[in-house]
Amino acid sequence: MTLNHYLVLSAILLGIGLLGVLTRRNIIVVLFSIEILFNAANLNFIAFWRFGPNPEALMGPMFALFAIAVAAAEVAVGLALVIAVYRHFKTVDLEKLDTLREP
Amino acid sequence: MSASTLALIPCLPLLAALCTAGMRNGRRAAAVAIGALAMSALLALWALSQAWTGDAQVFPLADWLSVGGTRITFSLRLDALSALMASMVTFVGLLIFIFSTGYMAHDPRCARFFCYLSLFAAGMLGLVLSNNLLLLFMSWEIVGLASYLLIGFWFHKPSAAAAGKKAFIVTRLGDLGLLLGLLVAFTQTGTLELYAGGAGLLEKDPGTLVWGVGAAKLVSLLLFVGAAGKSGQVPLHVWLPDAMEGPTPVSALIHAATMVAAGVFLVARTFPLFEAGGTLPLVAWTGGVTALIAALIALGQFDIKRILAYSTVSQLGLMMVGLGAATTGAIGMYHLFTHAYFKALLFLGAGSISHGCHHEQDIRKMGGIARAMPVTTAAYLCGALALVAFPYTSGYFSKDAVLVAVYGADRPLFYLCAFSSLLTALYVTRQCVYVFAGAHRGAHAPHESPAVMTVPLVILAVFALGMGGLFGGALQAKLGAIHAAHPFPVIATSWAVALGGMLLGWVIYSGRDLRAPDPLALVPLQRKLWFDELYAATAGRLWSGLTALAVLLQEMVAALAELVQELAQATGQFFSRSVDGRLIDQLAVDGLARRFHEGGRAAVRFQSGFLPGYLRWVVLGTLLGGLFVHWLLT
C-alpha cells in the first residue's frame, strides 16, 4: 500500500462527495455528501502523515481529529438550519428554495 | 433765535404733512395742519421781530455732503426779506387753511387735501428761508410738486388732470433754466451759499465766462428763466390760468399769494447777481409785456377765477417791473406783499361766491350776489379796490412805488404799465358789475357762506385795505428802498388810471343787459390771444413729430429684436433637436442607461436562486484556478 493508493481513494471520495453536493436536491443528502468531502480531506491528512518524513509528531491525527470535531459541530448547525428551512418552506427540496433569484 | 428754532418753521408743516398722509378723518387732519402752521406762524412772527431789530444772520444747519474741497451745507438766512416772506406765507396760509375747512368740508379726500397743503407750506417756507441755492431749488421742486398735486386734486375731471400736467411741464421748462443757472454758478464760484461771510455767491464777483460775457449775466438770465416759469411771465404764463382747475383755496394760496410769487422772490433774493449782470431791463420789460397781455386777456374771460388768474399774471408782471426798474429788490417785494393779501382775499371771495352759487363759476350766470352774500361782497369789494389801486388802499401804495421807479428808469415802460393799470381797473369793474349788480341770472338762489369762510375774508379785507398805509413805509425802509421824489405826473397817472378805469367800466357795463354779448370780450381776448394754439402748433407739433419719429425708431428696434429672437430660437431648436436630443439624450444618457439595463438583464440569468448551481460555478472556478496555478508552476 503506497501513498498513491490512499490519494486515489481520497480523490474518489472527493469526487463522490462533490457529485452529491452538486447534483442532489435533498438538503439532507447534500449534508451527507459534505461529510464525505470532509472524510476525503481527513484521509489525506492521515496518509500524508503516515508516509511523511516525520511520523512521530502525530500532526496528521491531530488535524483529523480536530476536523472531525468541527464537522460534528457543523452538522449540528447544519441540521438545525435544515429544520428551520423545513419549518419555513415546508420542504427540503433545494430546487424549490429559490427565493434568492429575481422573481 | 437759534438755528433749530428757525428750522422748525418749515419743519412743522412738513411733520404735519407726514402725519396727515395716512389720515382719513378730514377734521383731524385739518386740526393737525392748522395747528402746525399756527405754530410756524408764531415762530415766523418771532423771527420777523428779531430780523426787524437785529442784523441779517446766517444759520448753518448741517453739512449735507463734502466731496474733496467742496462742501455743500444746509443753511438758513434770516433777514427782513426772508422773515417777511415767511410770516406772510404762514399768516395768509393760516387763513386759507381755516377757510379750507369750510370749503372742503364735504370732500371725501379732505385729509389728503390738508396733507398736500402742509407739504406745500413746508416747501414754500424752506424756499424763502434757504440760504443755499440748492436747498432753495429742492424746496422749489417741492412746491412745484404740491402745486401739481393740488391742481389735479379733482383728477376725475379730465380738465383738472390736464391742467396739473400742463402746470408741471411748463414750470419744468423754467426749472431747467434754474438748474442750469445753479450749475453755472457752481462751476464759476464753487459755492451755492448765498451769503457766507464774504465768500457767498452774492458777495463776490462770479468772474467772466468766454468772450467777455460775465458769469453774472448768464447766471441771472438762467435764474430768470426759472423765475419766469414759476411766476407765469410771458411766454411761460399759459399754465397759471389753467391751474384754476384746482380747489379755490389752492388757487388763493399757491397760484395767487405765495408760490407764483416765488419767482419774484428769487429775483429779489439774488438781486445783486441781476444788478451785476445787467439783466434788470430784460426783467422789467418781460414783466411789462406780461402785465399788458394778461390784463388784455382778462377782459375777455367769463370764468370768475380765470379773470383773477390773468389778473395775477398781470400783477406778477408789475412786480417784475418793480424789480427790474429799481435799484433794490424792495419795490417788487412790496407789491408782492400787498398783492398776496388782496389776491388771496379775492380768490377766497370768489371761492365763497362759487360755493354760494352751487359751484357756478361763469360770471354771466351770476349777478345779484350783493344782496344774497353781503359779507362776502363787502370783503370782495375791498380786495377789488386794492387790486385797482384805489387811492390809499394797500395796492395803491405798492403800485405807486412801482410806477415811481419805472417813471425814473424807463419812460415807454411807464406808459405800458399805466395802460395795463387802466385795463386792470376796467376788468375788475366789469367783473364786479357782472357778479354783484342786478338780478341773479343763475338757476339756483345763492346763499351766504358759513362763518369759517367769511371770517378769514374779513381779516384779509382789513389787511388789503390797511396794510400799505400801515407799514408800507417801514417795509420799504427795511428792505432798502430809496424813497425817490414823488413826481406829480406819477401821482396824477395813478389816480387817473384807477378812477378812470373804474368809471369807464361803470359807463360801459352798468346800464347794459348783461345777457347780451359783451362788447369788450373780443374773440382774440376770449381765445387768450391764441397762446395755447401757438404752442400746440409749434412745440406741440414738434413734440408729436418727435414722438412719431420715436415710435418709428422703436418699431425698427422691435423688428430687429424680433429677427434676433427668431434667429436665436432657430439655433436653439437645432441644438435642442440634434445635439441635445440625439447625441446627448438618446446616445449618451439613454443609450448608456439602456446598455447597463441590458447588461443587468443578462447578468440576472446567472442568479437562478438554485444553490447547487452557484456551487457548480464555484467548483468550476476552483478547478480552473487550480489548473491555472498548475500551469504557472510547471
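Residues numbered from 1 in each chain as written. Chains lettered and ligands numbered in written order. Predicted model: local features only at pLDDT ≥ 70, side-chain atom pairs only at ≥ 80, totals over all residues. Heavy atoms only, no water.

**Considering the overall build of chain A**
Condition: Counting from the N terminus, the helices are DSSP H or I runs at least four residues long and the strands are E runs at least two residues long. The size measure is the radius of gyration over C-alpha atoms, and the globule rule it meets is 2.2 Å times the number of residues to the 0.38 power.
Across its full length, chain A holds 3 helices and 0 strands. When its helices and strands are written in sequence order, chain A yields α-α-α. A compact globule built from 103 residues should have a C-alpha radius of gyration of about 13 Å, whereas chain A, at 17 Å, is more than 25% larger. C-alpha atoms of chain A, sized along the principal axes, occupy 55 × 25 × 20 Å.

**Comments concerning the overall build of chain B**
This is how it is decided: For every residue, the accessible area obtained with a 1.4 Å probe (protein chains only) is divided by the maximum for its type, and the residue is called buried under 20%, exposed over 50%, and partly exposed between those limits. Throughout, a contact is declared for two residues whenever any of their heavy atoms are within 4.5 Å. Every accessible area reported is derived by Shrake-Rupley at a probe size of 1.4 Å, with residue values counting cover from the shown protein chains alone. Here the positive residues are Lys and Arg and the negative ones are Asp and Glu; neither His nor the chain ends is included. Here the site of a charge means NZ on Lys, CZ on Arg, CG on Asp, or CD on Glu.
Regarding its fold elements, chain B presents 23 helices and 2 strands. The C-alpha radius of gyration of chain B comes to 37 Å, more than 25% above the 26 Å expected for a compact globule of 634 residues. Taken over the C-alpha atoms alone, chain B extends approximately 150 × 65 × 50 Å along its principal axes. Here chain B, with 634 residues, has 53% of them falling under the buried criterion. Long-range pairs, those at least 24 residues apart, make up 80% of the contacts in chain B with a sequence separation of at least 6. Just so you have it, chain B exposes about 27,000 Å², and 70% of that area is on carbon and sulfur atoms. Mean positive and mean negative side-chain charge positions of chain B (38 and 29 charges, respectively) differ by 6 Å.

**Details of the packing of helix α17 (residues 394–409) of chain B against helix α20 (residues 488–509) of chain B**
For any two helices packed against each other, one specifies the crossing angle of their axes together with the interaxial distance. Residues and elements named next belong to chain B. Put simply, the rule reads: In this description, a line fitted to the C-alpha atoms serves as the axis of each element, helices being fitted only across the stretch in contact, and the angle between N-to-C directions of two axes falls anywhere from 0 to 180 degrees. In what follows, roughly perpendicular refers to angles from 65 to 115 degrees, roughly parallel to angles under 35, roughly antiparallel to angles over 145, and oblique to any angle outside these ranges. Handedness of a helix crossing follows the sense of rotation of the near helix relative to the far helix, less than a right angle counterclockwise being left-handed and clockwise being right-handed. Here the nonpolar group is Ala, Val, Leu, Ile, Met, Phe, Trp, Tyr, Cys and Pro; Asp, Glu, Lys and Arg are the charged ones; every other residue, Gly included, is treated as polar.
Where α17 contacts α20, the axes come no closer than 10 Å and their chain directions differ by 135°. The angle between α17 and α20 places the two elements in the oblique class. Here α17 runs over α20; the crossing is right-handed. Counted together, Y396, D400, L403, V404 and Y407 of α17 and P489, V490, I491, S494 and W495 of α20 form the full contact between these two elements. Split by residue class, the contact of α17 with α20 holds 8 nonpolar, 1 polar and 1 charged.

**Observations concerning the environment of B:K305**
Residues and elements named next belong to chain B. Test applied: N or O atoms closer than or at 3.5 Å make up a polar contact, with two conditions inside protein: a donor-capable atom paired with an acceptor-capable one, and, for residues adjacent in sequence, both atoms drawn from side chains.
With respect to the element layout, K305 can be found in helix α13 (residues 304–325). Between the alpha carbons of K305 and Q361 there is a distance of 7.1 Å; along the sequence they are 56 residues apart. Setting aside chain neighbours within four positions, we find K305 in contact with M244, G246, P247, T248, S251, F347, A350 and Q361. Side-chain polar atoms of K305 contact the side chain of S251, separated by 3.3 Å.

**Observations concerning unusual backbone geometry**
All names here are of chain B. Following V234, the chain continues to P235 via a peptide bond in cis, the omega torsion being 5°. Along the polypeptide, P235 turns up in the loop between α7 (215–230) and α8 (239–242). The backbone of Y392 shows a phi angle near 70°, a positive value even though the residue is not glycine. Position of Y392 among the secondary structure elements: in the loop between α16 (374–388) and α17. Residue Y392 is classed as exposed on the basis of its relative accessible area, which comes to 53%.

**Describing helix α3 (residues 59–89) of chain A**
Residues and elements named next belong to chain A. The condition that has to hold: The span one expects for a helix is its residue count, reduced by one, times 1.5 Å.
Here α3 spans 44 Å end to end across 31 residues, near enough to the 45 Å set by a 1.5 Å rise per residue. Taken as a whole, α3 has its buried residues at G60, A64, A71, G78 and V82. Structurally, α3 contributes buried residues whose contacts are with α2 (27–50). Positive phi appears at K90, one or two residues downstream of α3, with a value of about 60°.

**Brief notes about the pattern of salt bridges**
Residues and elements named next belong to chain B. This is how it is decided: In what follows, salt bridge is the name for a side-chain nitrogen of Lys or Arg lying within 4 Å of a carboxyl oxygen of Asp or Glu.
In the structure shown here, the tally under the stated rule is 11 salt bridges over all chains. Here R172 ties to E141 by a salt bridge, and the two come within 2.9 Å at their closest N and O atoms. In this pair, R172 is assigned in helix α6 (residues 158–189) and E141 in helix α5 (residues 133–151), connecting sequence segments 31 residues apart. Look at R172 and you get partly exposed, because its relative accessible area is 31%. Among the charged side chains, a salt-bridge network with shared partners connects R77, D79 and R269.

**Some remarks on the packing of aromatic side chains**
Residue and element names in this part refer to chain B. Note the following rule: The rule is short: rings of Phe, Tyr and Trp, with Trp giving its six-membered ring, pair when the centres are within 6.5 Å, and they are stacked under 30 degrees, edge-to-face over 60, tilted in between. Whether a charge sits over a ring comes down to the Lys NZ or Arg CZ being within 6 Å of the ring centre and within 35 degrees of the ring normal.
According to the stated counting rule, one finds 24 aromatic pairs over all chains in the structure shown. Note on F91 and F463: the rings are 5.0 Å apart at their centroids and 50° apart in plane angle, and the pair reads as tilted. Pair noted here: F91 is in helix α3 (residues 80–103) and F463 is in helix α19 (residues 451–479), with a separation of 372 residues, a long-range link. Each member of the aromatic cluster is reached from another via a ring pair, and the members are F97, F113, F114, Y116 and F153. Across from the ring centre of F302, 3.8 Å away, lies the NZ or CZ of R364, which sits over that ring. One Lys or Arg, R430, reaches over the ring of F302 and ends 5.1 Å from the middle of that ring.

**So, the interface of chain A and chain B**
Which entries qualify depends on this criterion: Two parts placed together each lose some accessible area; with a 1.4 Å probe, that loss summed over both constitutes the buried area.
Across the contact, 12 residues belong to chain A and 12 residues belong to chain B. Both sides together, the interface formed by chain A and chain B hides about 1,000 Å², and carbon and sulfur atoms give 67% of it. Linking chain A with chain B are 0 salt bridges. The interface formed by chain A and chain B contains 1 residue pair in polar contact (both at pLDDT 80 or more). Broken down by class, the residue content of the side of chain A that touches chain B amounts to 6 nonpolar, 1 polar and 5 charged.

**Brief notes about the nonpolar core**
Put simply, the rule is: In this text, buried Ala, Val, Leu, Ile, Met, Phe, Trp, Tyr and Cys residues form a nonpolar core when linked through side-chain atoms within 4.5 Å.
Counting residues in hydrophobic clusters, the biggest one holds 193 residues, and the most contacted among them are B:L6, B:M85, B:F114, B:M333, B:L336, B:I353 and B:Y380. Residue contributions to this core peak at 15 residues, all from helix α14 (residues 330–356) of chain B. Look past the residues within four positions of B:M85 in its chain and what remains in contact with it is B:M124, B:V128, B:F265, B:M333, B:L336 and B:F337. In terms of nonpolar packing, the next biggest core, distinct from the first, is built from 9 residues, A:V21, A:V30, A:L31 and A:V92 among them.

**Overview of the packing of α5(B) against helix α9 (residues 248–257) of chain B**
All names here are of chain B. The geometry of α5 relative to α9 is characterised by a closest axis approach of 11 Å and an angle of 155° between their N-to-C directions. Comparing their axes, α9 and α5 come out roughly antiparallel. Every pair of crossing elements has a handedness; the one defined by α5 and α9 is left-handed. On the side of α5, the interface is formed by S147, L150 and I151, while α9 contributes V250, I254 and H255. Its residues assigned to classes, the contact of α5 with α9 comprises 4 nonpolar, 2 polar and no charged.

**Description of the pairing of strand β2 (residues 70–78) of chain B**
Residues and elements named next belong to chain B. The line we're drawing: DSSP bridges decide pairing: two strands pair if at least two such bridges lie between them.
Bridge count for strand β1 (residues 57–67) against β2 is 9 bridges, and the pairing is antiparallel. Across the sheet, residue S66 finds its bridge partner in β2, namely R71. From the end of β1 to the start of β2, which pair antiparallel, there are 2 residues, and G68 there has a positive phi angle of about 60°.

**Comments concerning the environment of B:A185**
Residue and element names in this part refer to chain B. Note that A185 resides in helix α6. Linking A185 and L222, residues 37 residues apart in sequence, is a C-alpha distance of 10.0 Å. Those residues within four positions of A185 in sequence are excluded, and the remaining contacts are G190, T191, L201 and V219.

**Focus: a nonpolar patch on the surface**
Cut-off, in case you're wondering: For patch detection, residues must exceed 30% relative accessible area and be free of salt bridges, and they are connected within 9 Å for like charges or within 5 Å for nonpolar side chains (Val, Leu, Ile, Met, Phe, Trp, Tyr).
Together, B:L542, B:W543, B:L546, B:L549, B:L552, B:L553 and B:M556 make up a nonpolar patch on the protein surface, roughly 770 Å² of accessible area in all. Mapped onto the elements, B:L549 comes out in helix α22 (residues 531–604).

**Overview of α22(B)**
Residues and elements named next belong to chain B. We apply this condition: One axis fitted to the seven residues ending at a residue, another fitted to the seven starting there: the angle between these axes is the bend at that residue.
For α22, spanning 74 residues, the distance from its first C-alpha to its last is only 96 Å, which falls clearly below the expected 110 Å at 1.5 Å a residue. The largest bend in α22 is about 40°, located at G581. Buried within α22 we find F531, G581 and G591. On its buried face, α22 sits against α12 (280–299).

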